Amino acid sequence: DPLTGGGVVAVAAPRQRVARRAMHCIFDVAVTLDSEYEKMMAEYLQAAHVQEVVDILLELDNTSSRHYSIAISLHDVLDWDGARGAWLGTFLVHEPSRALPLFEEAIRAVQRSVMAAHEDGHFMSVKPSVHARLYRLPHCTELRKLNVSSLRADDSNCLIQVPGTVIRTGQLKMLQLSREYECAKCKFRHTVRAELEERHQMSLPAECTASGGTGKPCGGTKFELVDGSEECHDYQEVRIQEQVHRLLVGSIPRSITLLLQDDLIDACKPGDDITVVGTLRKRWRPLSRGNRPDAELAIDALHVHVHNDEVGSARVSRELGAEFEAWWRARREAGMPLKARDEIVAMACPSLAGMYLVKLGLLLTLIGGVSHTDASSMRVRGESHLLLVGDAGTGKSALLRHAARLSPRSVLTTGIGATSAGLTCTAIREPGGEWMLEAGALVLADGGVCAIDEFDSIREHDRGAIHEAMEQQTLSVAKAGLVCKLRTKCSVFAACNPKGKGYDHDRSISVNTGLPSPLLSRFDVVLLLLDKSRAGGGRSEEHDRDVAQHILREACGEEGPPPEPDAATWPLEKMRAYVEFVRGSFRPSV
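Residues numbered from 1 in each chain as written. Predicted model: local features only at pLDDT ≥ 70, side-chain atom pairs only at ≥ 80, totals over all residues. Heavy atoms only, no water.

Asks: Explain the overall build of the protein chain to me, and be specific about the residues and the numbers.
Replies: When helices and strands are tallied, the protein chain shows 18 helices and 21 strands. Taking contacts inside the protein chain between residues at least 6 apart in sequence as the whole, the part at least 24 apart equals 71%. When the accessible area of the protein chain is evaluated, it comes to approximately 30,900 Å², of which 52% is carbon and sulfur surface. (Helix = DSSP H or I, 4+ residues; strand = E, 2+ residues; numbered from the N terminus. Contact = heavy atoms within 4.5 Å. Areas by Shrake-Rupley, 256 points an atom, 1.4 Å probe, with all protein chains shown as cover.)

Asks: How would you sum up the pairing of strand E5 (residues 189–193)? Please name residues and give values.
Replies: Along E5, the buried face is formed by His 190 and Val 192; none of Arg 189, Thr 191 and Arg 193, which line the opposite face, is buried. For strand E4 (residues 173–183) and E5, the ladder comprises five bridges, and the chain directions are antiparallel. Within E5, the residue paired with Arg 179 across the bridge is Val 192. Taken together, E4 and the strand that follows it, E5, pair antiparallel across an intervening segment of five residues, in which Lys 187 is found at a positive phi of about 65 degrees. (Buried < 20%, exposed > 50% of the residue type's maximum accessible area, 1.4 Å probe, protein only. Pairing = 2+ DSSP bridges.)

Asks: Outline the environment of Phe 581, listing residues and values.
Replies: Its location among the elements puts Phe 581 in helix H18 (residues 572–585). Classification of Phe 581 as buried rests on a relative accessible area of 9%. Each C-alpha atom, one on Phe 581 and one on Gly 321, is 6.8 Å from the other, the two residues being 260 residues apart in sequence.

Asks: Explain the packing of helix H1 (residues 34–48) against helix H5 (residues 96–117) to me, and be specific about the residues and the numbers.
Replies: Running from amino to carboxyl end, H1 crosses H5 at an angle of 55 degrees, the nearest separation of the two axes being 8 Å. When the axes of H1 and H5 are compared, the pair comes out oblique. Here the hand of the crossing between H1 and H5 comes out right-handed. Between H1 and H5, the contacting residues are Asp 34, Tyr 37, Glu 38, Met 41, Ala 42, Tyr 44, Leu 45 and Gln 46 on the first element and Arg 98, Ala 99, Leu 102, Phe 103, Glu 105, Ala 106, Ile 107, Val 110, Ser 113 and Val 114 on the second. Looking at the contact of H1 with H5 residue by residue, the classes come out as 12 nonpolar, two polar and four charged. (Axes fitted to C-alpha atoms, helices over the stretch in contact; angles between N-to-C directions. Parallel < 35°, antiparallel > 145°, perpendicular 65-115°, else oblique. Left-handed = near helix turned anticlockwise from the far one by under 90°. Nonpolar A, V, L, I, M, F, W, Y, C, P; charged D, E, K, R; others polar.)

Asks: Could you give an account of the packing of aromatic side chains, naming the residues involved and the relevant values?
Replies: Evaluation of the coordinates by the stated rule reveals nine aromatic pairs. When the ring of Tyr 37 is compared with that of Phe 91, the centres are 3.7 Å apart and the planes differ by 5 degrees; the resulting orientation is stacked. Here the residue Tyr 37 occupies a position in helix H1, and Phe 91 occupies one in helix H4 (residues 83–94), the gap between them amounting to 54 residues. On the numbers, 5.5 Å between centres and 85 degrees between planes, the contact of Trp 327 with Trp 328 is edge-to-face. For the pair Trp 327 and Trp 328, a shared accessibility class is recorded, and that class is buried. (Phe/Tyr/Trp six-rings, centres within 6.5 Å; stacked < 30°, edge-to-face > 60°.)

Asks: Can you lay out H1 for me, pointing to particular residues and giving the numbers?
Replies: For H1, which comprises 15 residues, the first-to-last C-alpha distance of 21 Å matches the rise-based estimate of 21 Å (1.5 Å per residue) to within 8%. All of the buried residues in H1 are Tyr 37, Met 40, Met 41, Ala 42, Tyr 44 and Leu 45. In this structure, the buried side of H1 is in contact with helix H2 (50–57), strand E1 (68–73), helix H3 (74–79), H4 and H5. (Expected span 1.5 Å × (residues − 1).)

Asks: I'd like a rundown of the pairing of strand E16 (residues 435–439), residues and numbers included.
Replies: Bridge count for strand E3 (residues 159–169) against E16 is two bridges, and the pairing is antiparallel. By the bridge assignment for E16, Arg 168 is matched with Glu 438. Both strand E15 (residues 425–429) and E16 contribute to a ladder of five bridges, which runs antiparallel. Residue pairing across strands places Ala 427 opposite Leu 437, the latter belonging to E16.

Asks: How would you summarise the sheet that holds strand E14 (residues 410–414) if you had to cite specific residues and measurements?
Replies: If you trace the five strands from one edge of the open sheet to the other, you get E14-E17-E20-E13-E21, paired in parallel fashion. Where the open sheet ends on each side, the last strands, each with one partner, are E14 and strand E21 (525–529). Across the sheet, the axes of successive neighbouring strands diverge by a mean angle of 15 degrees, strand direction being ignored. Packing against the sheet, helix H9 (residues 396–406) makes contact with strand E13 (386–390), E14, strand E17 (449–453), strand E20 (491–496) and E21, and its axis sits at approximately 165 degrees to E20.

Asks: Hey, could you go over the state of the cysteines for me, with residue numbers and the actual values?
Replies: Going through the model one piece at a time under the given rule, you end up with zero disulfides. Cys 490 takes part in no disulfide bond, and the closest cysteine sulfur to it belongs to Cys 450, at a distance of 5.5 Å. Looking at Cys 490, the relative accessible area reads 1%, which means it is buried. (Disulfide = S-S within 2.5 Å.)

Here is the structure:
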């Protein structure tokens, strides 16, 4: 018996619309009573989350308007108590709409039992609004989706986990989930519930079906709303799209709507990278004559995790971090720290020959500094900004693209046709008349790199919008009645060409680029990439030989001899992990 932990588990086919077709469940979760599941949930909470229950009981606010939550790891549930944990975890995966109300009822039961046995029970109070938030789903493609594009209609009404970037957040609303109507004829009360599939619309019954003990339906058609019978919850809609830096060339990012309720509202803002766990639902607008009843997919969120505040080293495995430390330790013991630095610089943008100082500046800007707050409470940013100014054909665009690939989160755009709304944020009006903010390039690059090519092509009245984003790393928004402040904590990599025929050394950089001095002062590193032959200075024979050897080496592949036989060669993924490791592990101070 799987409920007691012994015996043989029978193999049963999953029911339609409950278990997805691609998954084969060895437990028939439909045969167990709800009371048995609630008992197992209460035992699991007593074993794994009793301290969280105690903390919630000690909270002073016990009104139903205050919502609390307990994060339930599905990995821990499956590992708990042998076959019983596997049975309970399978039930949560395959029937979340049935399991979650039972879990919340089990939390209330555990609250009462803990309060009765605790020595400080007279200081505690049972909280009616405590929710179970599931996260850490098992590693399988049916549950953990790579992106929004991998969602299919077969996944509807099933538990899923999907990553994405928040591009739009809606206003907070009050959602009525249910209310009662009283029949004017027989005084019977009918409970009407909002249907998520119909965008939470409520419809009155056509007639009263109460029999009143006579065996015949009442048949009344007039109903009156019962005062105080409404069940209301906080509600917010959020739009997420696929992470831009993970898209393939030519792919269009897909988006989907998240439905947030209660304690999940305002859990994320535009530009946040999140991982959401929820149930995939279908919904459509109310039927009307002349309009197609198109259905769309939405995620009824159960748990939202924001990745913006994660330290870079947390994304790197321990084995890889130990490898980087051993690599540097061996070079320090050999007395070659500067040579090791040169090896790392040479691995940056390997398609370009030479350009040591440019690659060094690119890596230092990617790694950034340390943000701090001085004695006057003024915050000094830690992210650096880089500007490349040079002639055409000097590798500026290649450097920008490589910097975007080295960053775990990046947005690559061009200044031609870019507007202040596209770089910062824009106000979008929904079909229902509601205004929502949609994030631009700088907001989407929060925590990473925003690479802007042809920076001088941005129109003059659009450049002023990025001053605050580059220096204060915030974005003050006042559009369509929406007043807020968004975070733009990113490094800006920009490239532009000099005005006229070429760079004039007799003039300032502001005159050569056409960029105003206030904007140029935002850049911490400004590098000049000049074509010496175009400037009339000519190239050296040694430089031409190095470039020719590099081109031949790239064309010959492994047949071409490396410049140094003992030099390290790391692939792009390892180089990206190294940059993240350095950003999260080192905190230099003056």
